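Here is how the chains run, residue by residue.
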Amino acid sequence: MSSDAKKRDFLDPDVVARLHGMPLVARKAMQGSISGRHASPHRGSSVEFAEYRKYVPGDDLRRLDWRTYGRSDRFFVKEFEADTNLRLVFVLDTSGSMAFGSGEYSKLDYAKQFAATLGYLAIEQGDAVGLACVTNRVVSHLPARRNPAHLSTLFDSLEAAQAEGETQLVSVLHELAETVRQHALIVVLSDLFTSPESLRDSFEHLRFRKHDVAAFHLLDPEEIDFPIERPTRFVDMENEETIFAEPSDIAGPYRQAMQEYLEEMKRVTLETEVDYRVVSLTEPYEQVLTSFLVGRMNARGTR
C-alpha cells in the first residue's frame, strides 16, 4: 500500500492488504480510455499502443516488452487500446436517512469504508474511479480518473460527504445514466428507500447505456428486525416528520412489509441484471467486499 500522508478513518490498511490480490472484474465489456485487464467492446478493432507500465504478478507474460527489459533490466508491459481499463463510478446516497445507525457505524460511515477500499483496489489495478454524492440531486460529482494522485481527491470527497436532505434516487440515476459515459461499472451505495418498481426504469436506463450495475442495499439491523418494544416517537431523518407509535401494534405488519419489500427489490434487480446485495451494518465490509470480488471472478473468470 502506498503511503498517504493524511490518515483516513474510513480506510484500513490491513483490510486493503488482505484484499490486494483479488482483482475487480467487470461482468460486461468496458469502454475505458487506455488498455487494461478488462474486455473491450472493440476487442480486435484496435492494436494501437497506449503506454508502458510496470509488470505486476498476474499480468500476461506475452505482453512483456523484452526490448525494454534488455535496455533497463526491468519488466514492463505494453498496453494497447484493444484491452481497456474500467471506469468505476460510485453513486453514494448522502440523504438524511444514511445518517442512521444503531451500532458503531451509520450507513454513510459504512458506505465510505466500502467505497474507499474498493476505490483504492481499483486504482491500484489501473482502473479509473469516480464518485457522485446524491440526494434529490447530484450534490457533487468527481469524474473518473486512474492516476494514484486521484486517490487523495477521492478520499477528500468521501470525507466531505454529509448525510442530509431528501433523496430522489430514481431521477438521479436517470441523470447519471445519461452523463456517465457508456460501459462503466456503476456501484450504488444506498438504503434504497423507494419503491422497487420505481427503480426499475432507472436500472433499465443504466442497462440500456451498457453499464454494469451493482447495488449495495445498506440496512441497519433495527430496520430489518424492528426489535423496539416500548412506545416510541419515530422521526423521519429526511424531512423531520414525526409519528408516535406503539411497537406492539405495528411490529408484525412492519416485518411483513419489509420482507415483501426486500423480495420485490430482489425480483426487480434480477430482472434488470443488477448485481444486488442486501447488507446489514453488522456484517464487516471486508466480508461483503470479498464476496463481491469472488462472485465476479467466479462469474466471469480472471484474466
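Structure: see above.
Which residues make up the overall build of the protein, and what values do they have?
Within the protein, the regular secondary structure consists of nine helices and eleven strands. For the protein, with 303 residues in total, the buried portion stands at 47%. Restricting to contacts in the protein with at least 6 residues of sequence separation, those with at least 24 account for 77%. Total accessible area on the protein is roughly 15,100 Å²; 50% of this is exposed by carbon and sulfur atoms.

Any chance you could break down the packing of helix α5 (residues 169-179) against helix α6 (residues 196-208) for me, citing the residues and the numbers?
As a packed pair, α5 and α6 sit with axes 9 Å apart at the nearest point and diverge in direction by 10°. As judged from the angle between their axes, α5 and α6 are roughly parallel. Mapping the contact onto sequence places Leu169, Val170, Leu173, His174, Ala177 and Glu178 in α5 and Ser198, Leu199, Asp201, Ser202, Phe203, His205 and Leu206 in α6. Grouping the constituent residues of the contact of α5 with α6 by class yields seven nonpolar, four polar and two charged.

Any details on a negative patch on the surface? Residues and values, ideally.
On the surface, a cluster of negative charge is made up of Glu166, Asp236, Glu240 and Glu241. By the secondary structure assignment, glutamate 166 is in the loop between α4 (150-160) and α5.

Explain the pairing of strand β9 (residues 232-235) to me, using residue names and the numbers behind them.
By the bridge criterion, four bridges tie β9 to strand β10 (residues 242-245) in an arrangement that is antiparallel. Looking at the pairing, phenylalanine 234 lines up with isoleucine 243 of β10. Linkage of β9 to β10, two consecutive antiparallel strands, is achieved through a turn of six residues, within which glutamate 240 is found at a positive phi near 65°.

Any chance you could break down the pairing of strand β7 (residues 185-190) for me, citing the residues and the numbers?
Of all six residues in β7, six are buried; the element is thus mostly enclosed. Alternating residues of β7 divide into Leu185, Val187 and Leu189 and Ile186, Val188 and Ser190, and every residue in both groups is buried. Where strand β4 (residues 87-93) lies against β7, five bridges are found, and the strand directions are parallel. Residue valine 89 lies in a different strand from β7, and its bridge partner there is isoleucine 186. Crossover handedness for the path β7 to α6 to strand β8 (residues 212-219): right-handed.

So what's going on with the sheet that holds strand β6 (residues 138-145)? Residues and values would help.
Taken in spatial order, the six strands of this open sheet run β6-β5-β4-β7-β8-β11, and their pairing is mixed. Of all the strands in the sheet, the pair left with one neighbour each is β6 and β11 (275-280). Averaged over all adjacent pairs, the angle separating strand axes in this sheet is 15°, with direction ignored. One ladder, built from six bridges, connects β7 with β8; its direction is parallel. Bridge pairing in β8 links valine 188 to alanine 215. Contacting β4, β5 (128-134) and β6, α4 runs over the sheet at an angle of about 165° to β6.

Analysis parameters
Residues numbered from 1 in each chain as written. Predicted model: local features only at pLDDT ≥ 70, side-chain atom pairs only at ≥ 80, totals over all residues. Heavy atoms only, no water. Helix = DSSP H or I, 4+ residues; strand = E, 2+ residues; numbered from the N terminus. Buried < 20%, exposed > 50% of the residue type's maximum accessible area, 1.4 Å probe, protein only. Contact = heavy atoms within 4.5 Å. Areas by Shrake-Rupley, 256 points an atom, 1.4 Å probe, with all protein chains shown as cover. Axes fitted to C-alpha atoms, helices over the stretch in contact; angles between N-to-C directions. Parallel < 35°, antiparallel > 145°, perpendicular 65-115°, else oblique. Nonpolar A, V, L, I, M, F, W, Y, C, P; charged D, E, K, R; others polar. Patch = residues over 30% accessible without salt bridge, like charges linked within 9 Å, V, L, I, M, F, W, Y side chains within 5 Å. Salt bridge = Lys/Arg side-chain N within 4 Å of Asp/Glu carboxyl O. Lys, Arg positive; Asp, Glu negative; His and termini not counted. Charge placed at Lys NZ, Arg CZ, Asp CG, Glu CD. Pairing = 2+ DSSP bridges. Right-handed = clockwise from strand over helix to strand, strands pointing away.

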